[in-house]
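Architecture at a glance
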Amino acid sequence: MDTKRDMKQKNPWHRQLTVVIAFLFVWGIIALVTTAVVQNKPLPKNSKYGIVLDAGSSHTSLYIYEWPAEKQNDTGVVQQLHVCHVKGPGISSYAMDPEGAGRSLQDCMDEAKRIIPERRHEETPVSLGATGGMRLLKLQNPEGSEKVLSSVEKTLSSSPFEFQGARIITGQDEGAYGWITVNYLMGNFKQGSGWLNLWPKPETTETLGALDLGGASTQITFVPEGEIESLESSLYFQLYGNKYNVYTHSFLCYGKDQALKITLAKQLQGHVPDSLVDPCFNPGFIKNMSVHSIYSSPCTAGESYTTNTQGRFLLKGTGNAQQCRENVKQIFNLTHCPSSSCSFNGVYQPQLQGNFGAFSAYYFVMAFLNLTTSERPVTLVEVKEKLREFCSTPWQTLKENFTNVKEKYLGEYCFSGTYILTLLETGYKFSPENWNTIRFIKKIGDSDAGWTLGYMLNLTNMIPSEAPCSPPLPHAGYISLMVIFSLLLMGLLVTGWLCFGKTTCTSQKEVV
Ligand SMILES: O=P(O)(O)OP(=O)(O)OP(=O)(O)OC[C@H]1O[C@@H](n2cnc3c(O)ncnc32)[C@H](O)[C@@H]1O
Ligand SMILES: [Ca+2]
């Protein structure tokens, strides 16, 4: 044994070789780690931007979206960077002063100019989509609606951004883009990226239905289980290689402001008294209303009426949720259905399917009533109980308790909550069993739920029909695996050499 050790110690080659290998080993590790770190160092942010203006019936909002320039077609990369709420009413209110519509957008456009880096201005698309309010104005006053559109077009096209049009979007588009937005933000279109690509894709990917409640119109959009019977309510999408048959319907006049007008008109039944007792407003609530404000809308235009001399009446609340529901139910015609199943007014609707995200006024109202934030979903019974309690609260008490809430909103929450409940239950056929499939949402991540993001993704061709080809491994995973395998190989090499080297040395000594 001692002789062997002596021989080894005396062999100068052995020590030199060990030093060289140890040096190479350490150098190899340093090189690999440096490569991995340098390769994965975050690149300087190179963003692109897009602007969409949501010209709703009650207000206009300007949304700025941002995404990394190099990841244009990936899913889930576009994010809302900023929202600017235009002061004043929706553009459809400017029929008598069309120039005012364009002017009203200027402040938000200036804000966008400050937020988006100047070097990106020219290539940033800007577009405006008008919804229910402008659809109604077009029915009532086509010339006025054209003038309003020209006016906003003038403001947008005089900005440094790339103007892509100001138009009234159809109810079908509004529903479809809302559905695309929520599912894009939820990552439901995501392909199995990286390793998951190695496994076959599931036949259908679960998507979230979209429920949007505006002031003038409301939309329901979801992927039903079977065939869609009506062509006009059916949309076909191929997104990221997945196929979707989507049902959508938009009810003009069933946004919450127009629905209130129809409900009031139903109670008035053509005879306008000096005062109207209404269960949908809190006890003690009194409002002086103009008859014209109710009957001037195309949604109530079919109704003939006689009025008192002042053309005004007093709306007096009694705060009875049960009676309010009975009144609201009257605006849903359930008597005829030409298809196998219907929602209301003879409109085809397939059986409800999957989970739903309810946004816009659904969220504003349900959040105020504390019916959204809960670890567990609120049941339909609890919603009804809450409405009973809220509607019966005296108006004076409400005003004292909610000094920071707009009085217009506060006064209407009893009606609005009851309307939402009735629309969902009587209209769309949600029941106690599937009520928990509805989530009232405002945002997904940092982006608002609404139709604008889907609209921009479509306009800028940012959703490919086929999944973009991607390597089986993400870049960081590739580098990490390379490092691990290289270390393993080196380890094996060194171990092998040590064992092999020892034997060789031993045998050499024996020969000697
Ligand atoms: O989609 P359309 O029908 O064109 O209308 P819109 O886009 O203007 O509709 P919104 O979703 O912005 O708002 C729907 C309604 O909710 C009202 N609203 C907005 N914020 C609210 C809040 O905090 N509480 C109660 N109601 C609110 C608003 O006045 C409208 O009557
Ligand atoms: Ca809207």
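- Naming follows an unreviewed UniProt entry, where the protein chain appears as Ectonucleoside triphosphate diphosphohydrolase 1 of Huso huso.
- Looking at the protein chain in UniProt, the text filed under Subunit (unreviewed entry) is "Homodimer; disulfide-linked."
- Quoted verbatim from the Sequence similarities (unreviewed entry) heading of the UniProt record, the comment on the protein chain is "Belongs to the GDA1/CD39 NTPase family."

1. Concerning the environment of Y348
- As for its placement among the helices and strands, Y348 is situated in the loop between α10 (321–329) and β13 (356–360).
- Here Y348 falls in the buried class, since its relative accessible area comes to 6%.
- Those residues in contact with Y348, other than ones at most four positions away along the chain, are E227, I228, E229, S230, Y247, S339, S340, S341 and C342.

2. Focus: the site of ligand 1
- Every one of the 20 residues lining ligand 1 counts as a neighbour, but S58, T131, A216, D257 and Y413 are closest to it.
- Here an oxygen atom of ligand 1 sits 3.3 Å away from a polar atom, N or O, in the main chain of G132.
- Side-chain polar atom of Y409 to a nitrogen atom of ligand 1: 3.4 Å apart, as the coordinates give it.
- Within the complex, the protein chains bury 87% of what would otherwise be the 640 Å² of accessible surface of ligand 1.
- By residue class, the composition of the shell around ligand 1 is six nonpolar, eleven polar and three charged.

3. Topic: the packing of aromatic side chains
- Scanning the model with the defined rule gives 27 aromatic pairs in all.
- Here a set of aromatic residues connected by ring pairs shows up, and it is made of F251, Y254, F332, F344, F415, Y419 and Y428.

4. Details of the side chain of S250
- The residue S250 is located in strand β9 (residues 242–252) in this model.
- Assessed through its relative accessible area of 19%, S250 is described here as buried.
- At 2.8 Å, the side chain of S250 and the side chain of Q219 are in polar contact.
- When residues no more than four places from it in sequence are discounted, the contact partners of S250 are R135, G171, Q172, S217, T218 and Q219.

5. Quick look at the packing of helix α7 (residues 171–186) against helix α15 (residues 452–459)
- Relative orientation of the contacting elements α7 and α15 amounts to 90°, with a least axis distance of 6 Å. When the interaxial angle is binned, α7 and α15 end up roughly perpendicular. Here Y177, I180, T181, Y184 and L185 of α7 lie close against α15, whose contacting residues are T452, L453, G454, Y455, L457 and N458.
- Of the residues that constitute the contact of α7 with α15, the class distribution is seven nonpolar, four polar and no charged.

6. Here's the deal with the nonpolar core
- In terms of nonpolar packing, the biggest core is built from 69 residues, with L211, Y362, Y419, L424, Y428 and W435 touching the most fellow members.
- Considering each element in turn, this core owes the most residues, nine residues, to helix α14 (residues 407–427).
- With near-sequence residues (within four places) excluded, L211 lies in contact with Q219, I220, F356, G357, A358, F359, Y362, L424, Y428, F430 and I438.
- Within the second largest apolar cluster, 33 residues are counted, among which are W179, Y184, W451 and L457.

7. A word on the sheet that holds strand β3 (residues 79–85)
- The five strands are arranged β3-β2-β1-β4-β5 in an open sheet whose pairing can be described as mixed. At either end of the open sheet lies a strand with only one pairing partner, and these are β3 and β5 (162–168). With strand direction ignored, the average angle separating the axes of adjacent strands in the sheet is 15°.
- Note that strand β2 (residues 60–68) and β3 share six bridges and pair antiparallel.

Parameters at a glance
- Residues numbered from 1 in each chain as written.
- Chains lettered and ligands numbered in written order.
- Predicted model: local features only at pLDDT ≥ 70, side-chain atom pairs only at ≥ 80, totals over all residues.
- Heavy atoms only, no water.
- UniProt positions renumbered as here; feature names shortened; annotations may be inferred.
- Helix = DSSP H or I, 4+ residues; strand = E, 2+ residues; numbered from the N terminus.
- Buried < 20%, exposed > 50% of the residue type's maximum accessible area, 1.4 Å probe, protein only.
- Contact = heavy atoms within 4.5 Å.
- Near = heavy atom within 4 Å.
- Polar contact = N/O pair within 3.5 Å; in protein donor to acceptor, adjacent residues only side chain to side chain.
- Areas by Shrake-Rupley, 256 points an atom, 1.4 Å probe, with all protein chains shown as cover.
- Nonpolar A, V, L, I, M, F, W, Y, C, P; charged D, E, K, R; others polar.
- Phe/Tyr/Trp six-rings, centres within 6.5 Å; stacked < 30°, edge-to-face > 60°.
- Axes fitted to C-alpha atoms, helices over the stretch in contact; angles between N-to-C directions.
- Parallel < 35°, antiparallel > 145°, perpendicular 65-115°, else oblique.
- Core = buried A, V, L, I, M, F, W, Y, C linked by side-chain atoms within 4.5 Å.
- Pairing = 2+ DSSP bridges.

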